[in-house]
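This is what each chain is made of:
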Amino acid sequence: MSTLVGVVGVYRRMSQFSGKRRPPVRAVDRNLPLVIETVEPEAEDVVSLRLANGGPLPGWRPGAHVDLVLPSGLVRQYSLCGDPSEKDHYRIAVRKIGVASAEVHALTPGTRVTVRGPRTAFPFVGEGPFLFIAGGIGITPILPMVHRATALGADWRLVYTGRSRASMPFLGELPDDDRVWIRPDTEYGIPASGAELLEDVPDGASVYCCGPVPMITGVRVDLALTGAKAVHFERFAPPPIVDGEPFQLTLRRSGQVLAVPGHRSALDVLLEERPGTAYSCRQGFCGTCTVPAAGGGSMRLCVDRGTAMLDL
């Protein structure tokens, strides 16, 4: 018993000493200042940017993206589409389709920007077989996956769709073999259906799909008819609202009450009244459009639903 008491006493004395000497927790700065080294045209209305700071950058894996903070303050997510083994720079590609992307297209070499990340919401895992499906600018996260699957010696296929070959970036960087099917709409007359895109899926394959919402929806609907074991997807638009109920938002400071229809998000409605409302991914994971509720808590305007009073 005396031995046990002695051990307990030593433990208490050491715990007190350790607690006093413990260093304070420091905040981590997630902002990474970078400089645009090059801006290169890759296809119609698509440019790629090479970002660097003269030193090694945080590592990443295929499927990762970064948050790009533009000089105007706008924040957008862009997939990394370079080679993960090249640690001295990042490469992103941007199609010109809105205000933020137009700002990106106007950037010039030497411009300083801020990047947050890399983060992975579309991880590439497994040993194959794989079916990759890319629609237009959706090739950006898929391209490093294809190169990684090739390096692994995995069984894989790629279906790459787009309006026309001229609109499809990085065609020249794809492996030149029969595992790659380039399918421009201009050469087939109509956009590809989900069933057509899944024609060559190997049994037990993991499907990685990135592109416009209609393409992803078609693939997911028809996937059940195949022998695929899993589907992973990343979309470049907010998901559709299904069976949504209407609700109301009350803005505490002005007393204004906004009606949100069942098929729209709170962000959509608030942007009509306050165009300067901050947002980014519109899919619920970045947190940019999170606002405080008057009674405590918060609301993600792009995905959360339900009557609420906002502290706005």
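Residues numbered from 1 in each chain as written. Predicted model: local features only at pLDDT ≥ 70, side-chain atom pairs only at ≥ 80, totals over all residues. Heavy atoms only, no water.

Let us look at the confidence of the model for the protein chain. Averaged over every residue, the pLDDT of the protein chain is 85; residues scoring 70 or more account for 86%. Across residues 1–8, confidence stays below pLDDT 50; counting only partners more than four residues off in sequence or on other chains, it has zero contacts. Low pLDDT, under 50, characterises residues 22–28; the predicted model gives this stretch zero contacts beyond four residues in sequence or across chains. (pLDDT = per-residue confidence, 0-100. Contact = heavy atoms within 4.5 Å.)

This next bit is on the pairing of strand 6 (residues 112–120). In terms of strand pairing, strand 1 (residues 31–43) meets strand 6 through five bridges, oriented antiparallel. Pairing of N31 across the sheet is with R116, part of strand 6. Relative to strand 6, strand 3 (residues 64–69) runs antiparallel, the two sharing five bridges. Residue pairing in the sheet places L68 in a bridge with V115 of strand 6. (Pairing = 2+ DSSP bridges. Helix = DSSP H or I, 4+ residues; strand = E, 2+ residues; numbered from the N terminus.)

Within the secondary structure, D200 sits in the loop between helix 5 (194–197) and strand 10 (206–211). Look at D200 and you get partly exposed, because its relative accessible area is 48%. For the pair formed by D200 and R157, sequence separation is 43 residues and the distance between their alpha carbons is 7.6 Å. (Buried < 20%, exposed > 50% of the residue type's maximum accessible area, 1.4 Å probe, protein only.)

When we look at a pair of aromatic rings, we describe it by the centre distance and by the angle of the planes. Scanning the entire structure with this criterion turns up eight aromatic pairs. Aromatic pair F130 and F132: ring centres 5.7 Å apart, planes at 20°, arrangement stacked. Accessibility assignment for this pair places F130 and F132 in one class, buried. Site record: aromatic cluster; members linked through ring pairs are F122, F124, F130, F132 and Y208. (Phe/Tyr/Trp six-rings, centres within 6.5 Å; stacked < 30°, edge-to-face > 60°.)

Looking now at helix 2 (residues 99–106). Looking at helix 2, one finds that the buried residues are A100, S101, E103 and V104. All buried residues of helix 2 lie within an arc of 155° about the axis, which places them on one face of the element. In this structure, helix 2 carries V99 and A106 as exposed residues pointing more than 90 degrees from its buried face. (Arc of directions from axis to C-beta.)

Counting buried residues in strand 4 (residues 75–79) gives five out of five residues, a clear majority hidden from the surface. Residues V75, Q77 and S79 line one face of strand 4 and the alternating positions R76 and Y78 line the opposite face, and both faces are buried. By the bridge criterion, five bridges tie strand 3 to strand 4 in an arrangement that is antiparallel. Paired with V69 across the bridge in strand 4 is V75. Where strand 3 folds back onto strand 4 in an antiparallel hairpin, the turn is made up of five residues, including G73, whose phi is positive at roughly 100°.

What follows is about the pattern of salt bridges. Inspection of the entire model under this criterion finds 13 salt bridges. Residue E37 is joined to R50 by a salt bridge in which the shortest nitrogen-to-oxygen separation is 2.7 Å. Linking E37 in strand 1 with R50 in strand 2 (residues 46–52), this pair joins segments that are 13 residues apart in sequence. Given a relative accessible area of 38%, E37 falls into the partly exposed group. The structure contains a network of salt bridges with shared partners spanning E37, R50 and D88. (Salt bridge = Lys/Arg side-chain N within 4 Å of Asp/Glu carboxyl O.)

The strand order 4-3-6-1-2-5 describes an open sheet built from six strands, whose pairing is antiparallel. Two strands lie at the open edges of the sheet, namely strand 4 and strand 5 (90–95), each paired on one side alone. Direction aside, the axes of adjacent strands within the sheet are offset by 40° on average. Here helix 2 sits on the sheet in contact with strand 2, strand 3, strand 4 and strand 5, set at roughly 125° to strand 5. (Axes fitted to C-alpha atoms, helices over the stretch in contact; angles between N-to-C directions.)

Turning our attention to the environment of P214. Among the secondary structure elements, P214 is positioned in helix 6 (residues 213–222). The class of P214 is exposed, set by a relative accessible area of 63%.

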